[in-house]
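# Residue-level structural notes
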Amino acid sequence: MSVSTKQRIENKTVTQESLLTPRFYTTNFQEISELDISSNIDELKAIIEEFRIDYNRDHFLRDQEFVKTWDTFDKKTKNIFIEFLERSCTAEFSGFLLYKEISRNLKKTNPLLAEGFSYMSRDEARHAGFLNKAMSDFQISLDLGFLTKTRKYTFFAPKFIFYTTYLSEKIGYWRYITIYRHLEKNPSYRVYPLFRFFESWCQDENRHGDFFAALLKSQKHLLNTWDAKLWCKFFLLSVYATMYLNDHQRKDFYTTIGLDTKKFDQYVIRKTNQSAKTLFPVILDVDHPKFFELLDKCVITNNKLIQIQEKNISEFSKRFEQVPHILSLVFHLGKLFFLPSIENHYIWNEPS
Ligand SMILES: [Fe+2]
Ligand SMILES: [Fe+2]
């Protein structure tokens, strides 16, 4: 291993932790264990049965194509891949930890939900493990045990966990399948075998999203109140904006696999928004002429913040210089939030 794993993670935690870094979450387990899921129990049972079948049990096996030495990649490409793998592995591992903890805490009080969460943690552990093995192709690996102990955990109330994980799973599905289909049509850009696994992989994420959708449907007040409407809108915007800003910081990765970051992200956002339309009481009007124009303004502002962060000046001076840009970012995001949205009358009018 060229760099000490612990050293590497410590460095990243100190220097690169930001609002856009993949996070680790914890929640109120007691509240989840007390949920009455009886109004949608059949759908939940059907999805858990799908989990039990375990379609991808033998999918994540590394084959001959991985044996090759990836030293042929130039240094820049190698770093681009390492960053992609590291971020993806952290995000998958974060899902594994959260689902495992929820499952462990619900075992006695809500065994059906506990079973569902346990299957999802099984899938995320496979995804994280596969990505971590891929990192070893580049002579680096994440010490996941160390990461578990040292990363900060963000507390989210259960309902916020349900909204965000539903959206993260669905956006993850659209990201993986879009990359897979693009590389199927343009095999010359499939520079690393990992992408070949995305087709079945994304079906796991899609099923996880369906599980959260069924869980939310069992809690009607999380979908058909004014509160719910505002929170759904807030989380839709948060998830889309986070992905848009993150990906625009890493355009080189998408260029390496022959994708245009802007077109890719806009397509994924449109598709995720259509998926959310089947569940949420409201979705964003992503075809509004101002929508992507404002997101692009957020990208420009975010780039300015990054440039200041990279300056060789004191932390205090950095913060001082960043203030007007942070205000501008909040202003643009606020404008995005108050753009007209599209109501889903069917769900909105459904009785509790
Ligand atoms: Fe996953
Ligand atoms: Fe997932």
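Structure: above.
The following paragraphs examine the structure supplied in this document. Please read these numbers as outputs of a predicted model, since none were measured by experiment.

Thresholds, definitions, all that
- Residues numbered from 1 in each chain as written.
- Chains lettered and ligands numbered in written order.
- Predicted model: local features only at pLDDT ≥ 70, side-chain atom pairs only at ≥ 80, totals over all residues.
- Heavy atoms only, no water.
- Phe/Tyr/Trp six-rings, centres within 6.5 Å; stacked < 30°, edge-to-face > 60°.
- Helix = DSSP H or I, 4+ residues; strand = E, 2+ residues; numbered from the N terminus.
- Lys NZ or Arg CZ within 6 Å of the ring centre and 35° of its normal.
- Donors = N, O, S within 2.8 Å, 3.2 Å for Na, K, Ca; no water.
- Tetrahedral: all angles 85-135°; square planar, octahedral: opposite > 155°, others 65-115°.
- Buried < 20%, exposed > 50% of the residue type's maximum accessible area, 1.4 Å probe, protein only.
- Salt bridge = Lys/Arg side-chain N within 4 Å of Asp/Glu carboxyl O.
- Core = buried A, V, L, I, M, F, W, Y, C linked by side-chain atoms within 4.5 Å.
- Contact = heavy atoms within 4.5 Å.
- Polar contact = N/O pair within 3.5 Å; in protein donor to acceptor, adjacent residues only side chain to side chain.
- Axes fitted to C-alpha atoms, helices over the stretch in contact; angles between N-to-C directions.
- Parallel < 35°, antiparallel > 145°, perpendicular 65-115°, else oblique.
- Left-handed = near helix turned anticlockwise from the far one by under 90°.
- Nonpolar A, V, L, I, M, F, W, Y, C, P; charged D, E, K, R; others polar.

We describe a pair of aromatic rings using the distance from one ring centre to the other and the angle between the two ring planes. The final tally for this structure, using the stated rule, is 51 aromatic pairs. Ring plane angle 85° and centroid distance 5.4 Å describe the contact between F117 and F211, whose orientation is recorded as edge-to-face. With F117 in helix α5 (residues 111-136) and F211 in helix α8 (residues 198-217), the pair connects residues that are 94 residues apart, well separated along the chain. The lysine or arginine in question, R151, covers the ring of F24, its NZ or CZ lying 5.1 Å from the ring centre. Here K233 stacks its cationic end above the ring of F337, 5.1 Å away from the centre of that ring.

Let us now look at the coordination of the iron ion (ligand 1). For the iron ion (ligand 1), the full set of protein donor atoms is E92 (OE), E124 (OE), H127 (ND1) and E205 (OE), at a range of 1.9 to 2.2 Å. What the four donor atoms of the iron ion (ligand 1) show is an angle range of 84 to 148° at the metal, which sorts the shape as irregular. Considered as a linear motif, the donors of the iron ion (ligand 1) on their single chain read E-x31-E-x2-H-x77-E. The distance between the iron ion (ligand 1) and the iron ion (ligand 2) comes to 3.5 Å, and E124 binds to both of them. Of this pair, E92 sits in helix α4 (residues 75-106) while E124 sits in helix α5, and the two are 32 residues apart along the sequence. E124 carries the same exposure label as E92, and that label is buried.

Now for the coordination of the iron ion (ligand 2). At 2.0 to 2.5 Å from the iron ion (ligand 2) lie its protein donor atoms, namely E124 (OE), E169 (OE), E169 (OE), E205 (OE) and H208 (ND1). In terms of primary sequence, the donors binding the iron ion (ligand 2) are separated according to E-x44-E-x35-E-x2-H.

Further remarks concern the pattern of salt bridges. Tallied over the full model, the rule gives 28 salt bridges. As a salt-bridge pair, D287 and R270 come within 3.0 Å of each other at their nearest N and O atoms. Highlighted residues: D287 in the loop between β3 (282-284) and α12 (289-309) and R270 in helix α11 (residues 261-276), separated in sequence by 17 residues. Residue classification places R270 among the partly exposed positions, given a relative accessible area of 31%. Taking the shortest distance from any N to any O, the salt bridge between E315 and R319 comes out at 3.6 Å. Of the two residues, E315 and R319 both sit in helix α13 (residues 315-337), four residues apart, roughly one turn of that helix. According to the relative accessible area criterion, E315 is partly exposed, its value standing at 44%. Looking at R319, the relative accessible area reads 44%, which means it is partly exposed. A single salt-bridge network, built from bridges that share partners, covers D54, R57, R122, D123 and R126.

Phi at D54 is positive, roughly 60°, even though this residue is not glycine. In this fold, D54 is placed in the loop between α3 (41-53) and α4. The phi dihedral of Q139 falls on the positive side, at around 60°, and the residue is not glycine. Relative to the helices and strands, Q139 is located in the loop between α5 and α6 (144-150).

Within the secondary structure layout, A125 lies in helix α5. When its relative accessible area of 32% is taken as the criterion, A125 is described as partly exposed. When the C-alpha atoms of A125 and G258 are compared, they prove to be 29 Å apart, with 133 residues separating the residues in sequence.

Among the nonpolar cores identified, the biggest contains 107 residues, and L194, F195, F280 and F291 are the most heavily contacted of them. It is helix α7 (residues 158-185) that contributes the most residues to this core, 14 residues altogether. With residues near it in sequence (within four places) discarded, F195 still touches F81, F84, I179, Y180, L183, R190, F253 and I257.

Now for the side chain of N110. Assignment of secondary structure puts N110 in the loop between α4 and α5. One polar contact links the side chain of N110 to the main-chain carbonyl oxygen of S33, over a distance of 3.4 Å. Leaving out residues up to four positions away in the same chain, N110 has contacts with I32, S33, L35 and I37.

Relative to each other, helix α9 (residues 226-249) and α11 sit at 165°, their axes nearing to 10 Å. With respect to each other, α9 and α11 are oriented roughly antiparallel. Here α9 and α11 pass one another in a crossing that is right-handed. Residue-level contacts link L236, Y240, M243, Y244, D247 and H248 of α9 to T261, K262, F264, D265, Q266, V268, I269, T272, N273 and A276 of α11. In terms of residue class, the contact of α9 with α11 is made up of eight nonpolar, five polar and three charged.

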